[in-house]
There are 2 protein chains.
Amino acid sequence: MRKLKYSKQREAIKDFLSESSHPTADEIYIKVREQFPNVSLGTVYRNLNLLSECGEIRKLTFPEGPDHFDNNTTPHYHFVCRHCGRVFDLSLRGVELELPDKEGLMPGHIEGYSLICYGTCNSCIGMRA
Amino acid sequence: MRKLKYSKQREAIKDFLSESSHPTADEIYIKVREQFPNVSLGTVYRNLNLLSECGEIRKLTFPEGPDHFDNNTTPHYHFVCRHCGRVFDLSLRGVELELPDKEGLMPGHIEGYSLICYGTCNSCIGMRA
DNA sequence: TATAAAAACAGTAATAATTACTATTATTAA
DNA sequence: TTAATAATAGTAATTATTACTGTTTTTATA
């Protein structure tokens, strides 16, 4: 694996990730620009990809809209509101999948999985009521 | 819900979907063009979106590459190979999630979910051995 | 069967998200 | 202190998808 050198831009990206909830690359870009006005969106994407590859963060892909990024790499799932697009964490104790144990059923070697729930969040339900 | 009128292009798209495994819009386009040389990619996308909205097919989104489409709308999961990108069906009896029963844990009303496993498929494992 | 409204079409242009390229600057190990 | 390499900003290019427009097809009803 390649060696990462320190960069203050990457540090700012990580800082913002740790204090925010599933931001998109663009949201991170807007925030980091407050501290580094010349930072480029490419730098944000490159660092997010580097950090995902290192396993420091997770990339979340949904059928609608841009990817989101999550600094919580412990096993957990997500709920996405189809109306406002917000992403929520789900712990779902009791829904421990233990998929790696089911290798026999797999068409190969499983290295990870993602569980995404879709629906309408409570605040969007409230708006329609 | 809006009313669909018959179209032979849409019929060809459905036919190909039912005899193939998780094709992308572009793969469908290439195939349907054999029968309708002037079909446009926009027509393929429009019909795939219409059919997804009607619940006749499912759209599959992965972190890499274009969306895939699945004419199997019964509950099942997917395994995606990180190397060749192929998509496999998983039945995984015993991993019945029953998520709709867990509404109390959700930040809203759940309408669906997707479970995607990532890894290396057996044929890609063979190639590296 | 004729007709008219609605839907679908092909072809093209536009958009959104992301990646690639390049010349310069910053980091780091020796 | 230096030299190798990683990282950067800025820009261009790419990929996947959607939107637009004028024409054609479908379908319900007269």
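Residues numbered from 1 in each chain as written. Chains lettered and ligands numbered in written order. Predicted model: local features only at pLDDT ≥ 70, side-chain atom pairs only at ≥ 80, totals over all residues. Heavy atoms only, no water.

## So, the relation of the copies chain A and chain B
Screw-axis analysis of chain A against chain B gives a translation of 0.0 Å along the axis, an RMSD of 0.1 Å, and a rotation angle of 180°. As the rotation angle and translation indicate, the two copies are arranged about a two-fold axis. Proximity to the rotation axis, assessed at the C-alpha, singles out Leu115(A) in chain A; its C-alpha lies 2.3 Å from the axis. Interface overlap between copies is the fraction of interface residues in one copy that are interface residues in the other; for chain A against chain B it reaches 100%, indicating a shared surface. (Least-squares fit on C-alpha atoms with pLDDT ≥ 70 in both. Contact = heavy atoms within 4.5 Å.)

## Some thoughts on the interface of chain A and chain B
Opposite the 33 residues of chain A that make contact, chain B presents 33 residues. Of the roughly 2,800 Å² buried where chain A meets chain B, counting both sides, 64% is carbon and sulfur surface. Scanning the region where chain A abuts chain B turns up 2 salt bridges. Across the pair Glu111(A) and Arg82(B) runs a salt bridge whose closest N-O atoms are separated by 2.8 Å. Taken together, the residues that form the side of chain A that touches chain B break down as 20 nonpolar, 8 polar and 5 charged. Taken together, the 13 bridges between strand S5 (residues 108–121) of chain A and strand S5 (residues 108–121) of chain B define a ladder with antiparallel strand orientation. Residue pairing across strands places Tyr118(A) opposite Gly112(B), the latter belonging to S5(B). (Buried area = accessible area lost by both parts, 1.4 Å probe. Salt bridge = Lys/Arg side-chain N within 4 Å of Asp/Glu carboxyl O. Nonpolar A, V, L, I, M, F, W, Y, C, P; charged D, E, K, R; others polar. Pairing = 2+ DSSP bridges. Helix = DSSP H or I, 4+ residues; strand = E, 2+ residues; numbered from the N terminus.)

## Considering helix H1 (residues 8–19) of chain A
Note: α-helices contain 3.6 residues per turn, so residues at a spacing of three or four share the same orientation. Residue and element names in this part refer to chain A. For H1, built from 12 residues, the straight-helix expectation of 16 Å at 1.5 Å per residue is met to within 8% by its first-to-last C-alpha distance of 17 Å. Where H1 is concerned, the buried positions are Arg-10, Ala-12, Ile-13, Phe-16 and Leu-17. What you see down the axis of H1 is that its buried residues fit within an arc of 160°, all on one side. Taken together, the buried residues of H1 touch helix H2 (25–35), helix H3 (41–53) and strand S2 (68–70). (Expected span 1.5 Å × (residues − 1). Buried < 20%, exposed > 50% of the residue type's maximum accessible area, 1.4 Å probe, protein only. Arc of directions from axis to C-beta.)

## Describing the protein's contact with DNA strand C
Around DNA strand C, the surrounding shell holds 21 residues, and the nearest of these are Tyr45(A), Lys5(B), Ser7(B), Thr43(B) and Arg46(B). Protein-adjacent atoms of DNA strand C, using a 4 Å cutoff, are sugar or phosphate at a proportion of 79%. Side-chain polar atom of Asn49(A) to a phosphate oxygen of DNA strand C: 3.0 Å apart, as the coordinates give it. Contacts to DNA strand C include Thr43(B), whose side-chain N or O atom sits 2.3 Å from a phosphate oxygen. Listing elements by their share of the surface near DNA strand C, those giving two or more residues are H3 of chain A together with helix H1 (8–19) and helix H3 (41–54) of chain B. (Near = heavy atom within 4 Å. Polar contact = N/O pair within 3.5 Å; in protein donor to acceptor, adjacent residues only side chain to side chain.)

## Brief notes about unusual backbone geometry
Here the phi dihedral of His22(A) falls at roughly 55°; this positive angle occurs in a residue that is not glycine. Structurally, the position occupied by His22(A) is in the loop between H1 and H2.

## Topic: the domain arrangement of chain A
Residues and elements named next belong to chain A. With domains assigned, chain A is organised as domain 1 (8–70) and domain 2 (77–128). With 9 residues of domain 1 at the contact, the number on the domain 2 side is 9 residues. Interface area, domain 1 with domain 2, both sides summed: about 610 Å², of which 65% is carbon and sulfur. Of all residues in domain 1, His-22, Arg-58 and Phe-62 bury the most surface against domain 2, accounting for 63% of the area lost on that side. Between the two partners, domain 1 and domain 2, sit 0 salt bridges. Elements represented by at least two residues in the side of domain 1 that touches domain 2 include exactly strand S1 (58–60) and S2. A per-class count over the side of domain 1 that touches domain 2 returns 3 nonpolar, 4 polar and 2 charged. (Domains from an automatic or database assignment.)

## A short note on the protein's contact with DNA strand D
Around DNA strand D sit 21 residues in total, of which Lys5(A), Ser7(A), Thr43(A), Arg46(A) and Tyr45(B) are the nearest. Considering DNA strand D, the proportion of its atoms within 4 Å of the protein that are sugar or phosphate atoms stands at 80%. Here Val39(A) contributes a backbone N or O atom positioned 3.3 Å from a phosphate oxygen of DNA strand D. Contact between DNA strand D and Asn47(A): a phosphate oxygen at 3.0 Å from a side-chain N or O atom of the residue.

## Here's the deal with the nonpolar core
Phe79(A) and Phe79(B) are the most contacted members of the largest nonpolar core, which has 22 residues in total. The set of elements that each furnish at least two residues to this core consists of strand S3 (77–81), strand S4 (87–90) and S5 of chain A together with strand S3 (77–81), strand S4 (87–90) and S5 of chain B. (Core = buried A, V, L, I, M, F, W, Y, C linked by side-chain atoms within 4.5 Å.)

## Let's talk about the state of the cysteines
Cysteine pairs can be covalently joined through their sulfur atoms, and such a bond is termed a disulfide. Residues and elements named next belong to chain A. All chains considered together, the criterion is met by 0 disulfides over all chains. Sulfur of Cys-81: no disulfide; nearest cysteine sulfur belongs to Cys-84 and is 3.7 Å away. By relative accessible area, which is 2% here, Cys-81 ends up buried. (Disulfide = S-S within 2.5 Å.)

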